[in-house]
Amino acid sequence: QVQLVESGGGLVQPGGSLRLSCAASGFAFSAYAMSWYRQGPGKERELVAGITSGSETTNYADSVKGRFTISRDNAKKTVYLQVNSLKPEDTAVYYCNANRKIGPGWVNDYWGQGTQVTVAS
């Protein structure tokens, strides 16, 4: 059974930091690209950061560059998102995503249930 379980969210003051984790099970984690998305109140889900299967490449939304860092530990089957210098506009549910192209027209795409991050004083 495929599972992605996020943790680490919470209430934090502006300027604060959190470390989000996503523990994976039930699939070949090291073969998958991993990403973090978020969905704020009244907003569409957006890509925050991504990392390739072997950590060769990372990418970030412009709004979080220099503040967020994505990393992964394939031995622990876990992906992390270090979020620093948080702003109220970072308030959202943060979702973990695993993605792998298996073949022509066949993509495996898995989602976690999300973890709430609230930035407020």
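Conventions we followed
Residues numbered from 1 in each chain as written. Predicted model: local features only at pLDDT ≥ 70, side-chain atom pairs only at ≥ 80, totals over all residues. Heavy atoms only, no water. Helix = DSSP H or I, 4+ residues; strand = E, 2+ residues; numbered from the N terminus. Buried < 20%, exposed > 50% of the residue type's maximum accessible area, 1.4 Å probe, protein only. Salt bridge = Lys/Arg side-chain N within 4 Å of Asp/Glu carboxyl O. Disulfide = S-S within 2.5 Å. Core = buried A, V, L, I, M, F, W, Y, C linked by side-chain atoms within 4.5 Å. Contact = heavy atoms within 4.5 Å.

Student: It is not clear to me how unusual backbone geometry should be interpreted in this structure. Could you clarify?
Tutor: Generally, phi is negative for residues other than glycine and the peptide bonds are trans, each holding for most cases. The backbone phi angle of serine 55 is positive, close to 65°, even though this residue is not glycine. Residue position: serine 55 is located in the loop between strand S5 (46–51) and strand S6 (58–60). Among the residues examined, serine 55 registers a relative accessible area of 34% and is labelled partly exposed. Here serine 85, not a glycine, exhibits a phi torsion of approximately 50°, which is positive. Within the secondary structure layout, serine 85 lies in the loop between strand S8 (78–83) and strand S9 (92–103). Take serine 85: its relative accessible area is 40%, and that puts it in the partly exposed class.

Student: Even after reading the chapter, I still don't get the pattern of salt bridges, so can you show me in this structure?
Tutor: Two side chains bearing opposite charge may form a pair once their charged atoms approach each other closely. Under the criterion given, the structure shown has four salt bridges. For aspartate 90, the salt bridge identified is with arginine 38, shortest N-O distance 2.9 Å. Here aspartate 90, found in the loop between S8 and S9, pairs with arginine 38, found in strand S4 (residues 33–39); they are 52 residues apart in sequence, far enough to count as distant. In this structure, aspartate 90 and arginine 38 share a single accessibility class: buried. Look at the salt bridges and you will find they share partners, linking Arg38, Glu46, Arg67 and Asp90 into a network.

Student: Explain the state of the cysteines here, please?
Tutor: Think of a disulfide as a covalent bridge from one cysteine sulfur atom to another cysteine sulfur atom. Using the criterion set out here, one finds one disulfide in the structure. The residue that forms a disulfide with cysteine 22 is cysteine 96, at a sulfur-sulfur distance of 2.1 Å. On the sign convention where negative is left-handed, the bridge of cysteine 22 and cysteine 96, at about -80° about the S-S bond, is left-handed. Taken together, the residues span a long stretch of sequence, with cysteine 22 in strand S3 (residues 18–25) and cysteine 96 in strand S9 at a distance of 74 residues. For the pair cysteine 22 and cysteine 96, one class covers both residues: buried.

Student: Help me out: how do you make sense of the nonpolar core in this one?
Tutor: Generally speaking, nonpolar side chains in soluble globular proteins are found buried as a group. Of all hydrophobic cores here, the largest spans 28 residues; its most connected members are Met34, Trp36, Val79, Leu81 and Tyr94. Listed by contribution, the elements that provide at least two residues to this core are S3, S4, S5, strand S7 (68–73), S8, S9 and strand S11 (115–119). Setting aside residues up to four positions removed in sequence, methionine 34 forms contacts with Leu4, Phe29, Ala49, Gly50, Ile51, Ile70, Arg72, Val79, Cys96, Asn97 and Ala98.

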